[in-house]
Amino acid sequence: CLPANQERFANGRLATVQFHPSAQVVMTAGHDRSLSLFQVNNFHLYYNPRIQSIYLESFPIYKACFSVDGEQVIATGTHHRMFFVYDMMSGSIIPIQKVRGVEERFLKSFEVSPDGSFMLVTGTSGYLHLLSMKTKELISTMKVNGRCTASAFTPDSSKIYSYSKEGEVFIWDVRSRKCLHKFEDEGSLEGKCIAISKNNQYVACGSASGVVNLYTTDVCLKENHPKPVKAIMNLVTSATCVTFNPTTEILAVASRETDEAVKLV
């Protein structure tokens, strides 16, 4: 296939590439302050027409993500405490200048819950801010020991797994915002990324050493020092991305620190 964004290559590094949840559309966003949508065309492999591009003045994009219903795109910047909501139905760009109760210098890393209700923002000093996806207002703040580097919702949106820089994983109940359990990721020198499979069977933890540990979720909820079902050693640089395919048959592990460091397990 041709590059999805053939019609408009970005001038800077791409921070996000994501498929629309229901339409045949792919979004790209990145450091050149732009966000673009392309039609993914199965019939004409030589051409993926660009639907539109939006430009956010002096706002290099750190991460962009579709809402679960596919009607909005949320974009955070590399050095901003504000973020943008792009309403795809009306075509309007809504700046969220400040979330009341969230005292952070920058808002960068976030996750959207699979049921579309929540947005979880990773703060500094171990703070996790749970926002309402509907109103973009703060619901509650949780705190891990140390610094949180990555979080993931379970497929039913009832729990959050938060991975700390110190290699600990905290499991939170979304409704009560209480910590249900915590466990240590075996051999982790520095936590980097985490993913939960769509069938809620596995948890993958990627660390700075490049090792990705695969656990079963039932063991993670019970034991403080669970044994991984598999330790994936194929990356030689820091594991910066782990993700499962929808049927939980493939795990992709990747490092952005070197070229072509993508492995499918």
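Residues numbered from 1 in each chain as written. Predicted model: local features only at pLDDT ≥ 70, side-chain atom pairs only at ≥ 80, totals over all residues. Heavy atoms only, no water.

Undergrad: Please explain the state of the cysteines as it appears in this structure.
TA: The bond known as a disulfide is covalent and runs between the sulfur atoms of two cysteines. A complete count under the given rule lists zero disulfides for this structure. Here Cys 65 stays free of any disulfide, with the sulfur of Cys 241 as its closest cysteine sulfur at 13 Å. Its relative accessible area of 13% is what places Cys 65 among the buried residues. Here Cys 220 stays unpaired: no disulfide links it, and the sulfur of Cys 205, its closest cysteine neighbor, is 6.7 Å away. (Disulfide = S-S within 2.5 Å. Buried < 20%, exposed > 50% of the residue type's maximum accessible area, 1.4 Å probe, protein only.)

Undergrad: What is the right way to read the UniProt feature "repeat: WD" (unreviewed entry) in the chain from this model?
TA: Within this structure's numbering, the places UniProt gives as "repeat: WD" (unreviewed entry) are residues 152-182. Regarding residues 152-182, the helix share stands at 0% and the strand share at 58%, and the terminal C-alpha atoms are separated by 14 Å. (UniProt positions renumbered as here; feature names shortened; annotations may be inferred. Helix = DSSP H or I, 4+ residues; strand = E, 2+ residues; numbered from the N terminus.)

Undergrad: Please explain the nonpolar core as it appears in this structure.
TA: A general trend in soluble globular proteins is that nonpolar side chains are found buried together. Core analysis: the biggest nonpolar cluster contains 16 residues, and Met 27, Leu 35, Ile 61, Ala 64 and Val 73 have the highest contact counts within it. Among the secondary structure elements, those contributing two or more residues to this core are strand 2 (25-30), strand 3 (34-39), strand 5 (61-66), strand 6 (72-77) and strand 7 (83-87). Discounting chain neighbours no more than four positions away, the residues touching Leu 35 are Met 27, Thr 28, Ala 29, Gln 52, Ser 53, Ile 54, Ile 61, Ala 64 and Val 73. Counting residues in hydrophobic clusters, the runner-up holds 14 residues, among them Cys 65, Val 85, Val 121 and Leu 131. (Core = buried A, V, L, I, M, F, W, Y, C linked by side-chain atoms within 4.5 Å. Contact = heavy atoms within 4.5 Å.)

Undergrad: So what exactly am I meant to see when it comes to the sheet that holds strand 16 (residues 179-184) here?
TA: Hydrogen bonds between backbone atoms are what pair the strands of a sheet, whose relative direction is either parallel or antiparallel. Here we have four strands laid out as an open sheet, ordered 13-14-15-16, and antiparallel in their pairing. The outermost strands of the open sheet, each flanked by one partner alone, are strand 13 (148-153) and strand 16. This sheet shows a mean twist of 20° between the axes of neighbouring strands, independent of strand direction. (Pairing = 2+ DSSP bridges. Axes fitted to C-alpha atoms, helices over the stretch in contact; angles between N-to-C directions.)

Undergrad: Teacher, can you tell me more about the environment of Met 89 here?
TA: Topologically, Met 89 is positioned in the loop between strand 7 and strand 8 (92-96). Owing to a relative accessible area of 61%, Met 89 belongs among the exposed residues under this scheme. Sequence separation between Met 89 and Gly 70 is 19 residues, and the spatial gap between their C-alpha atoms is 9.6 Å.

Undergrad: Which parts of the structure should I look at to understand empty space enclosed by the protein?
TA: Picture a little ball the size of a water molecule; that probe, rolled over the atoms, points out where space is still empty. This structure, assessed with the given rule, holds two cavities of 30 Å³ or more. By volume, the largest cavity is sized at about 40 Å³. Lining the largest cavity are Arg 81, Lys 98, Val 99, Val 102, Glu 104 and Leu 107. Of all the elements in the fold, those that place two or more residues in the lining of the second largest cavity are strand 6 and strand 7. If one sorts the elements of the lining of the second largest cavity by residue count, strand 7 sits on top with three residues. Class assignment of the residues belonging to the lining of the second largest cavity gives a composition of eight nonpolar, no polar and no charged. (1 Å grid on protein atoms, 1.4 Å probe; cavity = no way out; pocket = protein on both sides within 12 Å on 5 of 7 lines; lining within 4 Å. Points joined across faces, edges and corners; volume = space filled by probe spheres on them. Nonpolar A, V, L, I, M, F, W, Y, C, P; charged D, E, K, R; others polar.)

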